[in-house]
Amino acid sequence: MKTSSLILALTLVASTQIMKAEEGNSLLERQMKILAKGTRQLSQQVTDTAQQQSSIDLIEKLKKAVQDSKSIDPRMVETIPAADKAKFLTDYRAQMDMLSDAFTKIEDAVKAGNYAKAKSLLSSVNAIKREGHEKFKQD
Ligand code: HEM
């Protein structure tokens, strides 16, 4: 009886952990999809003067997705030794802040009507993304 209760308890703990991991993962992937679709759209319209307000609204949406992503732990955290987890998550959040700052710079350029500058700043987003995936995305 005691053994079966223990097995039941362990099974419950294990399935809760799996559910937590899956939930966190799908939530982050959902935000990443917003980022992927939004940055693609932004690169298509950012130099279009007629779409200035639309681009500003889009960048606001992207910045919200970055803030939401920042509060979700990436799947890879499960593979990091306990002693290194805090630094890993601090670095992850700092990378998200870099992305947010890059979007703010692009937004400022769009607001100032400096569309060519906004377009060229978009390449910095790709570099931050690449570095973020190298460091924090599991294969
Ligand atoms: C505009 C920039 C970015 C774009 C367009 C982007 C796009 C994506 C895409 C398309 C995925 C795959 C989602 C799926 O399979 O459903 C993904 C996953 C992921 N991205 Fe990004 N990403 C960006 C920036 C970043 C940054 C800056 C970081 C880290 C600070 C990051 C961390 C991750 C992680 C960790 C995953 C895997 C999900 C998980 O571990 O739960 N991404 N990203």
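In case you missed it, the structure is sitting above this.
If you're wondering where the values come from, they're calculated on a predicted model, not measured in any experiment. Position numbers for residues count from 1 along each chain, tracking the sequence in the order it is written. Residue-level local features of this predicted model are given only where pLDDT is at least 70; pairs of side-chain atoms are given and counted only at 80 or more, and the full residue set underlies all totals for whole chains, interfaces and linings.

A. Molecular detail of the overall build of the protein chain. Within the protein chain one finds four helices and zero strands. Strands here mean DSSP runs of E at least two residues long; helices mean DSSP runs of H or I at least four residues long; both are numbered from the N terminus. Listing every helix and strand of the protein chain by position from the N terminus yields α-α-α-α. By the burial criterion, 16% of the 139 residues in the protein chain qualify as buried. Sequence-distant contacts, at least 24 apart, represent 69% of the contacts inside the protein chain between residues at least 6 apart. Exposure in this text rests on C-beta crowding, where 20 or more other C-beta atoms within 10 Å of a residue's own make it buried, 12 or fewer make it exposed, and counts in between make it partly exposed. The C-beta atoms are placed from the backbone. Any residue pair is listed as a contact if its two C-beta atoms, each placed from the backbone, are within 7 Å.

B. Quick look at the nonpolar core. As used here, a nonpolar core is made of buried Ala, Val, Leu, Ile, Met, Phe, Trp, Tyr and Cys residues. They are joined through C-beta atoms within 7 Å. In terms of nonpolar packing, the biggest core is built from 16 residues, with Ile59, Leu62, Val66, Leu99, Phe103 and Ile106 touching the most fellow members. Listed by contribution, the elements that provide at least two residues to this core are helix H2 (52–70), helix H3 (82–111) and helix H4 (115–136). Sort the elements by how many residues they give to this core and H3 lands first, with seven residues. Not counting residues within four places of it along the chain, the set of residues in contact with Phe103 comprises Ile59, Leu62, Lys63 and Val66.

C. Representation of H2 in the model. Helix span, expected: 1.5 Å multiplied by one less than the number of residues in the helix. Helix length check: H2, at 19 residues, gives a terminal C-alpha distance of 27 Å against a target of 27 Å (1.5 Å per residue), a fit within 8%. Among the residues of H2, those classed as buried are Ser55, Leu58, Ile59, Leu62, Ala65, Val66 and Ser69. One side of H2 carries all its buried residues, which in axial view fall inside an arc of 115°. Away from the buried face of H2 by more than 90 degrees, exposed residues Gln53, Asp57 and Glu60 are located. As used here, the arc is the angular range of directions from the helix axis to the C-beta atoms.

D. Local environment of the site of the ligand. The criterion for a residue being near a molecule or strand is a backbone-placed C-beta atom within 6 Å of that molecule or strand. Lining the immediate environment of the ligand, one finds 23 residues, of which Met32, Pro74, Arg75, Gln95 and Gly132 sit closest. A total of eight residues in the shell around the ligand trace back to one element, the largest contributor, which is helix H1 (residues 2–45). Of the residues assigned to the shell around the ligand, the class counts are twelve nonpolar, six polar and five charged. Any residue outside Ala, Val, Leu, Ile, Met, Phe, Trp, Tyr, Cys, Pro, Asp, Glu, Lys and Arg is labelled polar, Gly included; the first ten of those are nonpolar and the last four are charged.

E. How the structure looks around the environment of Leu99. Note that Leu99 resides in helix H3. For the pair Leu99 and Gln67, spaced 32 residues apart in sequence, the C-alpha to C-alpha distance is 9.8 Å. Not counting the four nearest positions on each side in its chain, Leu99 is found in contact with Val66, Val125 and Ile128.

F. The packing of H2 against H3, seen in detail. Between H2 and H3, the least distance of the axes is 10 Å, while the angle of their chain directions is 170°. Here H3 runs roughly antiparallel to H2, going by the angle between their axes. Residue-level inspection shows Gln52, Ser55, Ile56, Ile59, Leu62, Lys63, Val66, Ser69 and Lys70 of H2 in contact with H3, the latter providing Arg93, Met96, Leu99, Ser100, Phe103, Ile106, Glu107, Val110 and Lys111. For the contact of H2 with H3, the per-class residue count stands at nine nonpolar, four polar and five charged. The convention used is that axes are lines fitted to C-alpha atoms, helices contributing only their stretch in contact, and that angles between N-to-C directions extend from 0 to 180 degrees. Any angle from 65 to 115 degrees is called roughly perpendicular, while one under 35 is roughly parallel, one over 145 is roughly antiparallel, and all others are oblique.

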